Amino acid sequence: MKCPTEPLEIIRCNQILDAAENLIDTQGIISFKFSQLAQDVGSSTGTIYKWFKNKEDVLVCLFLRSSIASHLPRFIQQHKSLS
């Protein structure tokens, strides 16, 4: 998983995560597909793989976002070694 650092990257990553949350709500954790996620955010599947290696990366990022929502920039700054 590549953590975004630039403002536009952060916005795009959050759009992808928002769409993933919606897919998980409607289809479930196991059933949602990267191809549907890409379609929902208006991008290619390759773009999704730019940010996330697999569904587990998406789930981890959703968990982190939920856990530290208002502290993400500071969290990334403090934990640069995380990938």
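Refer to the structure presented above.
We now turn to the structure provided with this report. (Residues numbered from 1 in each chain as written. Predicted model: local features only at pLDDT ≥ 70, side-chain atom pairs only at ≥ 80, totals over all residues. Heavy atoms only, no water.)

## Some thoughts on the nonpolar core
If you look at the biggest cluster of nonpolar residues, it comprises 18 residues, and the most contacted ones within it are Ile16, Leu17, Phe32, Leu37, Ile48, Phe52 and Val58. The element best represented in this core is helix α1 (residues 7-27), accounting for seven residues. Non-local contacts of Val58, meaning those with residues more than four positions away in its chain, are made with Leu17, Ala20, Phe32, Phe34 and Phe52. (Core = buried A, V, L, I, M, F, W, Y, C linked by side-chain atoms within 4.5 Å. Buried < 20%, exposed > 50% of the residue type's maximum accessible area, 1.4 Å probe, protein only. Helix = DSSP H or I, 4+ residues; strand = E, 2+ residues; numbered from the N terminus. Contact = heavy atoms within 4.5 Å.)

## Some points on helix α4 (residues 55-67)
The terminal C-alpha atoms of α4, which comprises 13 residues, lie 18 Å apart, in line with the 18 Å expected from a rise of 1.5 Å per residue. Restricting attention to buried positions, one finds in α4 the residues Asp57, Val58, Cys61, Leu62 and Arg65. All buried residues of α4 fall inside an arc of 135° around its axis, so they share one side. Away from its buried face, by an angle of more than 90 degrees, α4 presents the exposed residues Glu56, Phe63 and Ser66. Among the structural elements, α1 and α2 (34-41) are those in contact with the buried residues of α4. Sitting at the amino-terminal end of α4 is Asn54, which places a side-chain oxygen 3.1 Å from the backbone nitrogen of Glu56. (Expected span 1.5 Å × (residues − 1). Arc of directions from axis to C-beta. Polar contact = N/O pair within 3.5 Å; in protein donor to acceptor, adjacent residues only side chain to side chain.)

## Some remarks on the pattern of salt bridges
In total, this model carries two salt bridges according to the counting rule given. Here Arg65 makes a salt bridge to Glu21, at a shortest N to O gap of 3.0 Å. Of this pair, Arg65 sits in helix α4 while Glu21 sits in helix α1, placing them 44 residues apart in sequence. Accessibility expressed as a relative area gives 16% for Arg65, which makes it buried. On the basis of relative accessibility, which here comes to 35%, the residue Glu21 falls in the partly exposed class. Taken together, the shared-partner salt bridges in this structure form one network comprising Asp18, Glu21 and Arg65. (Salt bridge = Lys/Arg side-chain N within 4 Å of Asp/Glu carboxyl O.)

## What about the packing of aromatic side chains?
Following the criterion strictly, the structure yields one aromatic pair and no others. Where Phe34 meets Tyr49, the ring centres are 4.7 Å apart and the plane angle is 50°; that geometry is what we call tilted. With Phe34 in helix α2 and Tyr49 in helix α3 (residues 45-51), this pair connects stretches of sequence that are 15 residues apart. When the ring centre of Phe32 is taken as origin, the NZ or CZ atom of Lys55, which lies over that ring, is 5.1 Å away. (Phe/Tyr/Trp six-rings, centres within 6.5 Å; stacked < 30°, edge-to-face > 60°. Lys NZ or Arg CZ within 6 Å of the ring centre and 35° of its normal.)

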